[in-house]
Amino acid sequence: MRLLIVEDEKRLATSLARGLTAEGFAVDVVHDGLEGLHLAGQGLHDLVILDIMLPGMNGYRICAALRAAGHETPILMLTAKDGEYDEAEGLDTGADDYLTKPFSYVVLVARVRALLRRRAGSASPVLTAGTLRMDTAARRVHRGEEEVALTAKEFAVLEQLVLRAGEVVSKADILEHVWDFAYDGDPNIVEVYISTLRRKLGATAIRTVRGAGYRLEAL
């Protein structure tokens, strides 16, 4: 999953990005409201973590502009303000959730995962495809009764396939959701991870559809 952090406190933004990357997310960071609106408006992210007090354009206006343009990407608002009116304004402009600084990082991650599950239409943190079970909260994968050990990036690639089980997922889609803007390496890196997943899940688990992408087969 690919996240966008729009936060002008650079130390906080860097800390959040480092932690969320370790959780297996691809994370892009900007520190200006106008740039945040531009990136969020491209529709490349699965969730936006949005500060309210920003240079260029505040979070309320960014959120309202995105919703007015028809973007439904989940938005988690962060602010140093507190009080029910600030929260109400954030939610009224279209935010999906709200956290007041200082906040617990553990709570933030839990809120992020809950919003992503809601977007996927599932209240459960467990994704299934045949005998394959992915617990997105515990970051564990089982095939039948056997646990499959995956790295954070392997987990992220597999998650994209499980979310669209039975469909063809293009290499570009996987790159877009699993790697951030800073990645400028070989796009064939996706093939490396697909190969690794096949070794761990079985050679027939993921089918290559020539010229189109990859499809998770029934396991």
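Above: the structure in question.
Residues numbered from 1 in each chain as written. Predicted model: local features only at pLDDT ≥ 70, side-chain atom pairs only at ≥ 80, totals over all residues. Heavy atoms only, no water.

**Q** Explanation requested: the packing of helix α6 (residues 152-163) against helix α8 (residues 189-201) in the structure shown.
**A** Any two packed helices are characterised by the angle at which their axes cross and by the distance between the axes. It is the contact of α6 with α8, at a shortest axis distance of 10 Å, that shows an interaxial angle of 85°. Considered as vectors, α6 and α8 are oriented roughly perpendicular to each other. In this structure, α6 uses Lys153, Glu154, Val157, Leu158 and Leu161 to contact α8, whose residues at the interface are Tyr193, Ile194, Thr196, Leu197, Lys200 and Leu201. Across the contact of α6 with α8, the residue classes break down as seven nonpolar, one polar and three charged. (Axes fitted to C-alpha atoms, helices over the stretch in contact; angles between N-to-C directions. Helix = DSSP H or I, 4+ residues; strand = E, 2+ residues; numbered from the N terminus. Parallel < 35°, antiparallel > 145°, perpendicular 65-115°, else oblique. Contact = heavy atoms within 4.5 Å. Nonpolar A, V, L, I, M, F, W, Y, C, P; charged D, E, K, R; others polar.)

**Q** Got a minute to help me understand the pattern of salt bridges in this structure?
**A** Proximity of charged atoms lets side chains of opposite charge pair with each other. Scanning all chains against the criterion turns up 13 salt bridges. The shortest N-O distance in the salt bridge between glutamate 23 and arginine 113 comes to 2.9 Å. With glutamate 23 in the loop between α1 (10-22) and β2 (26-30) and arginine 113 in helix α5 (residues 105-119), the pair connects residues that are 90 residues apart, well separated along the chain. Take glutamate 23: its relative accessible area is 26%, and that puts it in the partly exposed class. With its nearest N and O atoms 2.8 Å apart, the salt bridge here joins lysine 200 to glutamate 154. Note that lysine 200 is positioned in helix α8 and glutamate 154 in helix α6, a separation of 46 residues in sequence. On the basis of relative accessibility, which here comes to 6%, the residue glutamate 154 falls in the buried class. (Salt bridge = Lys/Arg side-chain N within 4 Å of Asp/Glu carboxyl O. Buried < 20%, exposed > 50% of the residue type's maximum accessible area, 1.4 Å probe, protein only.)

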